[in-house]
Amino acid sequence: MQPPLLTAALTLILIITLTLLTTPSTALTPPFPLRKRLPRPFLSTPHLRHDLHLQDTQPTLKQWLSHQNPPMGNKMSSNNQNQNQNPIISDVLPKNRLINIFASLTRQFDSIESKLNDATSNVTVLAPRNSAIQELPRKPWENPEDYERFGEVGAYEGDEGQERAKRNLERFVQAHVVTGSPWREGEEGRTLAGDRLRWERVEDKIYIQPGNVEVDSIAEQVSNGEVWILNGVINYR
Ligand SMILES: *[C@@H]1O[C@H](CO)[C@@H](O)[C@H](O)[C@H]1NC(C)=O
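Before going into details, it helps to say that this report is about the structure given with it. These numbers come from a predicted model, not from an experiment.

**Regarding the overall build of the protein**
When you go through the protein residue by residue, the secondary structure sums to ten helices and seven strands. The proportion of buried residues among the 237 residues of the protein is 38%. Counting only contacts in the protein whose residues sit at least 6 apart along the sequence, the fraction spanning at least 24 positions is 64%. Summed over all atoms, the accessible surface of the protein reaches about 14100 Å², with 52% contributed by carbon and sulfur.

**Re the nonpolar core**
Of all hydrophobic cores here, the largest spans 32 residues; its most connected members are Ile 89, Leu 93, Leu 116, Val 125 and Val 227. Elements with a minimum of two residues in this core: α5 (89-92), α6 (100-106), α7 (110-116), β1 (123-128), α8 (130-134), α10 (158-174), β6 (213-222) and β7 (225-230). In contact with Leu 93, not counting residues within four places along its chain, are Ile 99, Ala 103, Thr 106, Leu 116, Val 125 and Val 227. One finds Ile 208, Val 213, Trp 228 and Leu 230 within the second-largest nonpolar core, a separate group that totals 16 residues.

**Some thoughts on the environment of Ile 206**
Residue position: Ile 206 is located in strand β5 (residues 205-209). For the pair Ile 206 and Ser 217, spaced eleven residues apart in sequence, the C-alpha separation works out to 8.7 Å. Excluding anything up to four places from it in sequence, Ile 206 contacts Leu 61, Trp 64, Leu 65, Trp 199, Glu 200, Val 213, Glu 214, Val 215, Ile 218 and Trp 228.

**Let's talk about the site of the ligand**
Contacts to the ligand come from Asn 122, Ser 181, Val 222 and Ser 223. Ser 181 has a polar backbone atom sitting 3.2 Å from an oxygen atom of the ligand. About the coverage of the ligand: the protein hides 37% of its 360 Å² of free accessible area. A breakdown of the residues in the shell around the ligand according to their chemical character gives one nonpolar, three polar and no charged.

**Observations regarding the pattern of salt bridges**
Taken as a whole, this structure holds seven salt bridges when the rule is applied. Of the charged contacts in the structure, one is a salt bridge between Asp 216 and Arg 129, with a shortest N-O distance of 3.2 Å. With Asp 216 in strand β6 and Arg 129 in the loop between β1 and α8, this pair connects stretches of sequence that are 87 residues apart. For Asp 216, a relative accessible area of 21% corresponds to the partly exposed category. Residue Arg 129 is classed as buried on the basis of its relative accessible area of 18%. Note that Glu 142 and Lys 139 form a salt bridge whose closest N and O atoms lie 3.9 Å from each other. In the salt-bridge network here, residues are joined through shared partners; they are Lys 62, Arg 201 and Asp 204.

**So, the environment of Arg 201**
Along the polypeptide, Arg 201 turns up in strand β4 (residues 196-202). Classification of Arg 201 as partly exposed rests on a relative accessible area of 36%. With 13 residues separating them in the primary sequence, Arg 201 and Glu 214 have C-alpha atoms 10.0 Å apart. Those residues in contact with Arg 201 that sit more than four places away from it in its chain are Leu 65 and Glu 185. Here Glu 203 takes part through its backbone oxygen, which lies 3.0 Å from a polar atom of the side chain of Arg 201.

**A few points about the sheet that holds β1**
Taken together, seven strands build a closed barrel; the order of strands is β1-β2-β3-β4-β5-β6-β7 and the barrel is mixed. Here the average twist between neighbouring strands, direction ignored, is 40 degrees. Relative to β5, β4 is paired through five bridges, and the arrangement is antiparallel. Residue pairing in the sheet places Glu 200 in a bridge with Tyr 207 of β5.

**Remarks on the packing of aromatic side chains**
With the rule as written, the count across this model stands at five aromatic pairs. When the centroid spacing of 5.2 Å and the interplanar angle of 80 degrees are considered together, the rings of Trp 64 and Trp 228 count as edge-to-face. Placement of Trp 64 in helix α4 (residues 61-66) and of Trp 228 in strand β7 is noted, with a sequence separation of 164 residues between them. Relative to Trp 228, the ring of Trp 183 lies with its centre 5.4 Å away and its plane at 20 degrees, an arrangement referred to as stacked. Of this pair, Trp 183 sits in the loop between β2 (177-179) and β3 (189-191) while Trp 228 sits in strand β7, and the two are 45 residues apart along the sequence. Neither residue differs from the other here; Trp 183 and Trp 228 are each classed as buried. Through successive ring pairs, a cluster of aromatic residues spans Trp 64, Trp 183, Trp 199 and Trp 228. Against the face of Phe 150 rests Arg 164, its NZ or CZ located 3.6 Å from the ring centre.

The rules behind each value
- Residues numbered from 1 in each chain as written.
- Predicted model: local features only at pLDDT ≥ 70, side-chain atom pairs only at ≥ 80, totals over all residues.
- Heavy atoms only, no water.
- Helix = DSSP H or I, 4+ residues; strand = E, 2+ residues; numbered from the N terminus.
- Buried < 20%, exposed > 50% of the residue type's maximum accessible area, 1.4 Å probe, protein only.
- Contact = heavy atoms within 4.5 Å.
- Areas by Shrake-Rupley, 256 points an atom, 1.4 Å probe, with all protein chains shown as cover.
- Core = buried A, V, L, I, M, F, W, Y, C linked by side-chain atoms within 4.5 Å.
- Near = heavy atom within 4 Å.
- Polar contact = N/O pair within 3.5 Å; in protein donor to acceptor, adjacent residues only side chain to side chain.
- Nonpolar A, V, L, I, M, F, W, Y, C, P; charged D, E, K, R; others polar.
- Salt bridge = Lys/Arg side-chain N within 4 Å of Asp/Glu carboxyl O.
- Pairing = 2+ DSSP bridges.
- Axes fitted to C-alpha atoms, helices over the stretch in contact; angles between N-to-C directions.
- Phe/Tyr/Trp six-rings, centres within 6.5 Å; stacked < 30°, edge-to-face > 60°.
- Lys NZ or Arg CZ within 6 Å of the ring centre and 35° of its normal.

Here you go:
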């Protein structure tokens, strides 16, 4: 009876191994149910050289800032029929490799995704660069208060725990989308999470307050808003 059993066991191991090996390793979406381990997108390092190349083609902050004052004359929006051809935030966000972790997070939540997809309402997306998210001491869905209340093990286990993690993650993403664009210096911006932010210029750099979060670059300017790349994250508890 031993040999058939052994064969069966070996076959099973082989199947499991093959399954693991063929699981797509480049999936960008963090898996739900969430595990406490870092999901793959948080581990994958972007291809540096490519990122640098992409960055070269972006307007420099200096160029962008030079268009901020005075406000440009009112360009009448008579190009409504072109709207379908004009790229919008949801088209350009997934294409920038510097921020593909954040971009994949925005697609986890219907309310956020539809906001970025809405050609008729402008947003300023404050996308933390991949490394800023990867270097966080805690994952974006972890909240110290949850650990205090529900314990290390219980915080994100079971249906309720996963719900908590999902809500935290949603809030993290919402905190990085300011409603309205153009967003001018000193003007109070409201995020989808309800926080109030403003930005200030210090020489040729931009800092978002509160938090003094440095803006690396203005990556995209499209018909329904802008994508800014941040060197840090907003409102991280
Ligand atoms: C939305 O953004 C576009 C592109 O920057 C701008 O031309 C337009 O005036 C903005 N609309 C509003 C309501 O601010």
